[in-house]
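Chain by chain, the residues run as shown.
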Amino acid sequence: LYQMLPRDPSLPPLVFHWIPWFGSAAQYGQDPVEFFVSCREKYGNVFTFVLLGKRVTVTLGPKGNDFVFGGKHTVVAAEEVYSSLTTPVFGSDVVYDCPNETLMEQKKFVKVSLTTDKFRQYVGMIEDEVTQFMDNEPAFRAYQTSNTNEWGTFSVYKTMAEVTILTAARTLQGKEIRDYMSKGFADLYHDLDHGFTPLHWMFENLPLPSYWKRDDAQRKMTEFYQSIMNKRRAGNPDDYDDVMASLMVQKYRDGRPLPDHEIAHIMIALLMAGQHTSSSSASWALLHLADRPDIAELLYQEQVEHFGLPGGGFRGMMFDDLKKLPMLDAVIRETLRMHSPIHSIMRYVRSDLPVPQGLAAPSEDGVYVVPKGYTVMASPALSQLDPLYWKDANMWDPSRWLDASGFAAQARKQYDESSKVDFGFGLVSKGTESPYLPFGAGRHRCIGEQFALLQIGMVISTIIRRVELRYEGPFPKPDYSSMMVTPQQPCDILYRRRK
Ligand code: HEM
């Protein structure tokens, strides 16, 4: 009844719901993209829904993306929304447990250690890790035999999760973490990861084992990073040239070096930020390739053309090669378009926020105002799938990225150019009004973008060189029940060793 009473006309329309406090949590949680589409039909591009006691105003389309990503951080803040999830997992004083200016500095510290020179080293390391994995993993038994007629299966999401953590450990995390992976680090990671769920986000502390295990793993992991730093200092710190080594020598603008606990917590944040995002993207890419052997063949032929050796086999890839592989690039861009691992981007509204004309039909008073205390939410995942912008939007079609004058290539060009903008101090709202924002935009834009493209590209190339892939049965639907969108399980891919 309350929802039917006349409302303040400056408030965006409220999505009808039956249960107070719980609101539209079930519809949103089950399939956010479908929920947004059905709300847009009824209410337009701007509407508010109730999510477990919170009022969330969704702003859709490129202008809606701009509204959230391009907003001033003093007005729309990420930390109030994300901190209850991330701080217990990453640890204190980093990312969303510090002022936004400090996060910007921390992002810069990491970014300076993600250089082209490092990427050149990473290419061989990633290829090596994936090759070793395929040579030893029992799920790849049919590849390990010389019989090229035998088909085997592997669970793509499980496999990509393992490959992603191994390759990230070997490259970003450093030698010690990679060496410790089979000796306990993987278990700590799993306990931490089980505390990184929507439940832990909504309810900061419940008397459940996953909460204790999460806190215990966080403490032990921090201690482990601390012990690595101690050992490095006791030896020759110059022997190391990785992200941790770089963090150990950098200073905040006020001259303060990063304390060890902050370094440890930044390393954990990087591990968590890159894990599900990259593994889910690589899984979707392989699923599509298995489902479309014709496209997989084009990708394979691209590898043969560039790297094939006269007597058979391939030469190793170099970092600079990656830029010359349009098919591989298109496969990744298209996969990220259709399967954004993060479906909703949220900010807390710190002061009343007018919605610009042109984003929503104006209220009787002229404009909607999102009140202080609300959360605003954008969804590039939806605009990336919106037939308003994309031809055959629900079709996985990498070729749309190959036409340089086409819509996709233009959107991508604009997106790549806006990534060069420094997210430093006092910036940024460039490139935020676009339907294609797989790595976000503005000051919270992803710093792992180039690394992720490299990692996913190398994983796909290494696998596709060695095996043919097939997928049988209905294509898996997205699973929205965890923090990131993953393919619904089971999602087993058939493979056969290439002749
Ligand atoms: C931020 C996506 C991989 C580290 C973001 C954001 C998105 C995103 C959409 C913006 C979040 C927001 O505005 O609230 C992705 C995707 C990835 C990926 C799709 C892989 C396919 C990585 C990797 C790392 C990483 C590998 C680490 C090496 C970060 C960090 C932020 C971020 C530190 C900044 C958070 C902030 O400033 O609030 N990512 N990411 N990401 N990502 Fe990634």
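Predicted model, so just to flag it, every value in this text is computed and none were measured.

> Kindly report on the overall build of the chain, identifying the contributing residues and their values.
Along its length, the chain carries 19 helices and 12 strands. Taking 499 residues into account, the globule formula puts the C-alpha radius of gyration at 23 Å, and the chain, at 23 Å, falls close to it. For the chain, the residues scored as buried account for 56% of the 499 residues in total. Counting contacts in the chain only where the partners sit at least 6 residues apart, residues at least 24 apart contribute 73% of the total. Each charge class in the chain can be summarised by its mean position, and for the 53 positive and 60 negative side chains these summaries are 2 Å apart.

> Tell me about the site of the ligand, residues and numbers included.
As a structural note, the neighbourhood of the ligand is formed by 27 residues, with Tyr96, Lys107, Arg347, His444 and Cys446 the closest of them. Between Lys107 and the ligand, the recorded distance is 2.7 Å, taken from a side-chain N or O atom to an oxygen atom. Where the shell around the ligand is concerned, the elements lending two or more residues are helix 5 (100-112), helix 14 (260-291), strand 5 (345-349) and helix 19 (449-466). Sort the elements by how many residues they give to the shell around the ligand and helix 14 lands first, with 6 residues. Taken together, the residues of the shell around the ligand sort by class into 18 nonpolar, 7 polar and 2 charged.

> How would you explain the pairing of strand 8 (residues 375-378) if you had to name every residue and give the values?
Burial along strand 8 is two-sided: Thr375 and Met377 and Val376 and Ala378, pointing in opposite directions, are all buried. Pairing of strand 2 (residues 54-59) with strand 8, which is carried by 3 bridges, proceeds in the parallel orientation. Across the sheet, residue Thr57 finds its bridge partner in strand 8, namely Val376. Two elements, strand 5 and strand 8, share 4 bridges in a ladder whose sense is antiparallel. Residue pairing in the sheet places Met346 in a bridge with Met377 of strand 8.

Definitions and limits used
Residues numbered from 1 in each chain as written. Predicted model: local features only at pLDDT ≥ 70, side-chain atom pairs only at ≥ 80, totals over all residues. Heavy atoms only, no water. Helix = DSSP H or I, 4+ residues; strand = E, 2+ residues; numbered from the N terminus. Rg over C-alpha atoms; globule rule 2.2 N^0.38 Å. Buried < 20%, exposed > 50% of the residue type's maximum accessible area, 1.4 Å probe, protein only. Contact = heavy atoms within 4.5 Å. Lys, Arg positive; Asp, Glu negative; His and termini not counted. Charge placed at Lys NZ, Arg CZ, Asp CG, Glu CD. Near = heavy atom within 4 Å. Polar contact = N/O pair within 3.5 Å; in protein donor to acceptor, adjacent residues only side chain to side chain. Nonpolar A, V, L, I, M, F, W, Y, C, P; charged D, E, K, R; others polar. Pairing = 2+ DSSP bridges.

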